[in-house]
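# Secondary and tertiary structure notes
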Amino acid sequence: MRSPLRIGIIGSGMMGCEHIRNIKLMPDAVVTALADPSEGSRDMALWALGAAKNDVQSFATPEALIETGGVDALIVASPNYTHRAVLEAGFASGLPILCEKPLCTTVADASWAAAQAARYPSVFWVGMEYRYMPPVAHFIAEIQAGRIGTLHMLAIREHRFPFLPKVGDWNRFARNTGGTMVEKCCHFFDLMRYIIGAEAVRVFCSGAMDVNHKSERYDGATPDIIDNSFTVVEFANGTRAMLDLCMFAEGARNQEELSAVGDKAKLEVFIPDSRVVFSPRVPLRAPKEVEERHIDVDAVAMKAGSHHGATYYQLRGFLDAVTGKGPVAVSAEDGLKAVALGAAAELSAREHRAVLIAELA
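Let me begin by describing the structure that accompanies this report.

Glancing now at the packing of aromatic side chains. A full pass over the atoms with the stated rule returns nine aromatic pairs. Consider the rings of Phe91 and Tyr120, whose centres lie 5.0 Å apart with planes at 80 degrees: the pair is edge-to-face. You can see Phe91 sitting in helix α4 (residues 83–93) and its partner Tyr120 sitting in the loop between α5 (107–118) and β6 (124–127), a full 29 residues away along the chain. You'll find Phe91 and Tyr120 in the same group, each marked buried. With centroids separated by 5.8 Å and ring planes inclined at 85 degrees, the aromatic side chains of Phe173 and Tyr218 adopt a geometry described as edge-to-face. One end of the pair, Phe173, is in the loop between β7 (151–159) and α7 (174–177); the other, Tyr218, is in the loop between β8 (200–208) and β9 (228–235), and 45 residues separate them in sequence. Exposure remark for Phe173: the relative accessible area of 5% places this residue in the buried category. An aromatic cluster is built from Phe91, Trp112, Tyr120 and Phe124, whose rings are joined through pairwise contacts. Above the plane of the ring of Phe278 lies Arg147, whose end atom (NZ or CZ) is 3.6 Å from the centre. We note Arg160 situated over the ring of Phe161; from NZ or CZ to the ring centre the distance is 4.1 Å.

Further remarks concern the pairing of β8. Of the pairings in the sheet, the one linking β8 to β9 comprises eight bridges and is antiparallel in character. In the strand pairing of β9, Ser206 is matched with Phe230. Pairing of β8 with strand β15 (residues 355–356), which is carried by two bridges, proceeds in the antiparallel orientation. Each residue of the ladder has a partner; that of Arg202, found in β15, is Leu356.

Turning our attention to the pattern of salt bridges. All told, the structure shown has 27 salt bridges when counted by the stated rule. Here Arg316 makes a salt bridge to Asp320, at a shortest N to O gap of 3.1 Å. Linking Arg316 with Asp320, this pair stays in helix α11 (residues 310–322), spanning four residues, or about one helical turn. One network of salt bridges, in which partners are shared, links Arg131, Asp190, Arg193, Glu199, Glu333, Asp334 and Lys337.

So, about the side chain of Thr231. The residue Thr231 is located in strand β9 in this model. Other than its neighbours up to four places away in sequence, Thr231 contacts Met181, Phe189, Val203, Phe204, Cys205, Ala241, Met242, Leu243 and Ala345.

Taken together, the side chains of Phe204, Phe230, Val232 and Met242 define a hydrophobic patch exposed on the protein surface, amounting to about 340 Å² of accessible area. Mapping Phe204 onto the fold places it in strand β8. Phe204 gets classed as partly exposed once you look at its relative accessible area, which sits at 37%.

It is at 9 Å that the axes of helix α1 (residues 14–23) and α11 come closest, and there the two elements cross at 70 degrees. Judged by the inter-axis angle, α1 sits roughly perpendicular to α11. Pair α1 / α11 crosses with right-handed handedness. Residues Met15, Glu18, His19, Asn22 and Ile23 of α1 form the contact with α11, whose own contacting residues are Thr311, Tyr312 and Leu315.

The rules behind the values
- Residues numbered from 1 in each chain as written.
- Predicted model: local features only at pLDDT ≥ 70, side-chain atom pairs only at ≥ 80, totals over all residues.
- Heavy atoms only, no water.
- Phe/Tyr/Trp six-rings, centres within 6.5 Å; stacked < 30°, edge-to-face > 60°.
- Helix = DSSP H or I, 4+ residues; strand = E, 2+ residues; numbered from the N terminus.
- Buried < 20%, exposed > 50% of the residue type's maximum accessible area, 1.4 Å probe, protein only.
- Lys NZ or Arg CZ within 6 Å of the ring centre and 35° of its normal.
- Pairing = 2+ DSSP bridges.
- Salt bridge = Lys/Arg side-chain N within 4 Å of Asp/Glu carboxyl O.
- Contact = heavy atoms within 4.5 Å.
- Patch = residues over 30% accessible without salt bridge, like charges linked within 9 Å, V, L, I, M, F, W, Y side chains within 5 Å.
- Areas by Shrake-Rupley, 256 points an atom, 1.4 Å probe, with all protein chains shown as cover.
- Axes fitted to C-alpha atoms, helices over the stretch in contact; angles between N-to-C directions.
- Parallel < 35°, antiparallel > 145°, perpendicular 65-115°, else oblique.
- Left-handed = near helix turned anticlockwise from the far one by under 90°.

The structure is reproduced here in structure tokens:
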């Protein structure tokens, strides 16, 4: 494998540009090509490349990028609804692939992708940045080391801003995104599985579009994406997890808050405060023994992305997997199961009932 690795970016919108900024920090990788049907998005990516843009080829389609033979690995950051078609070209190339979440917008397409990846001769990695936020990674390591004892309850809260504008506003409709519970929340369902170490069996979601985008019209159609929800997930080992999502809470101090409670202690993490709080159980009325710790994040990695430095650390893992220095940490099977959880939550919210994961098989 040559060094630096030549990277092709497919989809040069916000996430594609975030990858570009982070690859520029890697001494062993360089962007040599990008593909996007939108000239405006390609121009945005060329601006992100800065002086390096003169050495980058630009194409309207992924097929044209791949045919040049000028890349050693692909990053798929195109709109959700294009992933199936882009991955068909990607799998045909035989190149290492990092595909941003969600793997696909439907369980059927994600199942197809997972089946292809299972027999793929090269690296296939699904982008799940939240695993790689340093405070969250510390939180996970503490739980997996047994510091809180046996985990029984996991709660994730994301109170944030509405969906951002996209080219053609494709993210306003569930037919393009898979729905909010797939598009936005597959990150969190992936975290649940990863932290708990078991598979989900049943999902109940209560959610609706109550505030955002209600006055918007696109060719006469009103957006149909959930902007707030509560989701409870039951796992095969008896652990329960909850997701609390609100997308009209821009003023919240912390965008993400995670809480894990075991039989020995409670552990919390707050983003962007980057603060981890450990609270062991104590006898009734005894003084509390709370420990707080700030988890540092590299300032350069933080500046290069909007995921609390996570994009840098995940890309480092992907590049190491491509060069044989590390494992594939987030598989297509992980991506499929995150999509299935999101699809179950969408179905639950629509039909006002608990949904068994087995229904989606």
